[in-house]
Amino acid sequence: MLYYMLVFGMLFLPLTIILYQLFPKRFRWVALLLASMGFYFSFSLNLFIFVVIATGVIYAAGLLLEKMNRDKKNALKALKSGGSSDKEEKAKLKAAYQKKSRLILTLGILMILASLLYLKYYNFFAENINTLFHASEDAPILAIKTIALPLGISFFSMQAISYMADVYWGKFEAQKNPLKLLLYLCFFPTVMEGPITLYGDLKDQLYTGNSIDPYNIISGYIRLFWGIMKKLVIADRMYPAVVYLFNPENETKGVSVIAAAVLFTVMEYMEFSGCMDMVIGIANVFGIKLPENFRQPFLARNASEFWRRWHISLGVWFKTYIFYPVSMSNLSKKWNKFARGKINAHITKVVASAMALLPVWLCNGLWHGPKWTYIFYGVFYFVVILLELLLEPIGDGILKLLHTSKENKIVNIIRIFKTWLIIFAGELFFQADSLTQGFSMFRDIFKDFQLSILWDGTALYWGLDKYDWLVVLAMLIVVIIVNLIREKVGDISAALLKKPMLVRWVLVLALLMVITIFGCYGPGFEEVDFIYAGF
């Protein structure tokens, strides 16, 4: 059962709304938990057992970490009440408790990561080890296994790690009710593709149990149908062309390679942002505000800004739990101390940034999946962002010579176009089956380069007819206009809520009609799974 299916929007969600409203306020979180369990069960009962066991580990780690924090505070109070003011004694006491807490946190994270590495990456490592040592298929060093992945395991793991780390840092107390913790980790709108939510931001909303507001139902369904439109009308309609162009047997060359990269990027954005629209709309029905995961990413003026606008929750997670800790590590402190007064300040900053960015982008690549193309994708952005940071003074100097600035409209257009080239190049490798195919397609851009294929009918052999291209183009124009409005005025949902009830219902019905008439579903259409559901 997926968010865009009729059974979800017209049966599962309405029944969940009714069940939620029937429960007493203090137990409405139970209704959300039952709905989340039912949603997960619709995919696999056996895999849900793993999630329950993992939640038990996270729950125990959280309680132990909180106990360490509480014991440390009590010990420091006892030391103070005993009249001791010895700073060294306090420091030793803090260090002793911190060592214990760090051990608990490390063990908790390692247990989650071990499960993730085995379930998601075992076959990747096995294949590469067998290849490295020239092992045959009949006598492999590590046997290839058939392993079923729990739904959204990467999202689940990242939320689990953030929860334990935040308890360790004392941002909030550990959750005493394991079922409430299970709800946070498996909340049905976010369990498939995120966004990655932090416990501190979600706990009050999940457990408060406020009554459902009719306005939230309407605005939630508008956002849900908007997301479904992006998925079924645009992304799924583009899918055959992407499959055709990335098929090695079709020997895509010249402009066709550029078309492949652009079409996949647009398809991926429409699908993933569409899914985010769906889950944000679903959560909004219950008065739960999830973080936005996209903010007009194709208006970014450099690679760093692109990642502040694309998959925002992933970037926030990496910044909070990898970038900042590495930036504050002893290694970074030693480098800054060594470089002070000896090395150019800008170079010092670039090297310090590289230390923190390298693990971020390696993890970003690996997070997407067990493929070398994903790892290359992460390294690609690491190099690009580092080059942007390194060359920034040169760019500023050129703008100064030209008596202009980064805020100049023409300069902005050039910077946006440059960012598009970076985005499309990265997505070409992201979608390629292998690095060999990725480099081959990139090289083939410069072979048989004929712009005429865009209008001479060649594109009609990519799996889409004229009607399909017209529908895609028309709907893309609508999405672009909406995004430009959002960039200028911000969130437009508040403005929609101020419209008369009739206008809002007309919008709901109009979106439903567009999906019904132009959506790709039913006999004759290949069902396309969410790309990020496997991450």
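Look a little higher up for the structure.
In this text the structure is predicted, and so the values were computed from the model without any measurement.

*Asks:* Can you walk me through the state of the cysteines in this structure?
*Replies:* Each disulfide consists of one covalent bond between the sulfur atoms belonging to two cysteines. Tallied over the entire structure, the rule returns zero disulfides. Sulfur of Cys186: no disulfide; nearest cysteine sulfur belongs to Cys275 and is 16 Å away. With relative accessibility at 3%, the residue Cys186 sits in the buried group. The cysteine Cys520 is free of any disulfide, with Cys275 supplying the nearest cysteine sulfur at 17 Å.

*Asks:* Looking at this model, I keep getting lost on helix 14 (residues 372–401). Mind explaining?
*Replies:* Residues spaced three or four apart along an α-helix face the same direction, because each turn holds 3.6 residues. Taking 1.5 Å of rise per residue, 30 residues should cover 44 Å, and helix 14 covers 42 Å from first to last C-alpha, within 8% of that figure. At Leu391, helix 14 shows its strongest bend, of approximately 50°, with the proline Pro393 following within four residues. Count one or two residues on from helix 14 and you reach His403, which has phi positive near 55°.

*Asks:* Honestly, the packing of aromatic side chains in this entry has me stumped. Any pointers?
*Replies:* When we look at a pair of aromatic rings, we describe it by the centre distance and by the angle of the planes. All told, the structure shown has 58 aromatic pairs when counted by the stated rule. Between the aromatic rings of Tyr163 and Tyr199, the centroid separation amounts to 5.2 Å while the plane-to-plane angle is 80°, which identifies the pairing as edge-to-face. Placement of the pair is Tyr163 in helix 5 (residues 153–168) and Tyr199 in helix 7 (residues 199–208), with a sequence separation of 36 residues. Residue classification places Tyr163 among the buried positions, given a relative accessible area of 0%. Positioned above the aromatic ring of Tyr207 is the side chain of Lys180, whose terminal nitrogen or guanidinium carbon lies 5.2 Å from the ring centre.

*Asks:* I keep staring at the packing of helix 13 (residues 345–368) against helix 14 and nothing clicks. Help me out?
*Replies:* Two packed helices can be described by the angle between their axes and the distance between those axes. Axis separation between helix 13 and helix 14 bottoms out at 8 Å; the angle between their running directions is 160°. Between helix 13 and helix 14, the angle is such that the two are roughly antiparallel. The two elements helix 13 and helix 14 meet at a crossing, and its hand is right-handed. Of the residues that constitute the contact of helix 13 with helix 14, the class distribution is 19 nonpolar, six polar and one charged.

*Asks:* Is there a simple way to think about the nonpolar core in this case?
*Replies:* Across soluble globular proteins, you tend to see nonpolar side chains buried next to one another. Within the largest apolar cluster, 149 residues are counted, with the highest numbers of intra-cluster contacts made by Tyr3, Phe39, Tyr163, Phe286 and Tyr381. Top element by residues in this core is helix 9 (residues 255–285). It accounts for 19 residues. Excluding residues that lie within four positions of it along the chain, Phe39 makes contacts with Met1, Tyr3, Phe8, Phe12, Leu151, Phe188, Val191 and Met192.

*Asks:* I tried to follow the pattern of salt bridges on my own but got confused; where do I start?
*Replies:* Where charged atoms from two side chains of opposite charge approach closely, those side chains can pair. Under the definition given, this model contains 21 salt bridges. A salt bridge links Arg309 to Glu487; the nearest nitrogen and oxygen atoms lie 3.0 Å apart. Within this pair, whereas Arg309 is found in helix 10 (residues 303–309), its partner Glu487 is found in helix 17 (residues 466–489), the two being separated by 178 residues in sequence. Judged by relative accessible area, which is 33%, Glu487 ranks as partly exposed. Connected via shared salt-bridge partners are Arg223, Lys230, Asp277, Glu292 and Arg486.

Procedures and definitions
- Residues numbered from 1 in each chain as written.
- Predicted model: local features only at pLDDT ≥ 70, side-chain atom pairs only at ≥ 80, totals over all residues.
- Heavy atoms only, no water.
- Disulfide = S-S within 2.5 Å.
- Buried < 20%, exposed > 50% of the residue type's maximum accessible area, 1.4 Å probe, protein only.
- Helix = DSSP H or I, 4+ residues; strand = E, 2+ residues; numbered from the N terminus.
- Expected span 1.5 Å × (residues − 1).
- Bend = angle between axes of the 7 residues up to and from the residue.
- Phe/Tyr/Trp six-rings, centres within 6.5 Å; stacked < 30°, edge-to-face > 60°.
- Lys NZ or Arg CZ within 6 Å of the ring centre and 35° of its normal.
- Axes fitted to C-alpha atoms, helices over the stretch in contact; angles between N-to-C directions.
- Parallel < 35°, antiparallel > 145°, perpendicular 65-115°, else oblique.
- Left-handed = near helix turned anticlockwise from the far one by under 90°.
- Nonpolar A, V, L, I, M, F, W, Y, C, P; charged D, E, K, R; others polar.
- Core = buried A, V, L, I, M, F, W, Y, C linked by side-chain atoms within 4.5 Å.
- Contact = heavy atoms within 4.5 Å.
- Salt bridge = Lys/Arg side-chain N within 4 Å of Asp/Glu carboxyl O.

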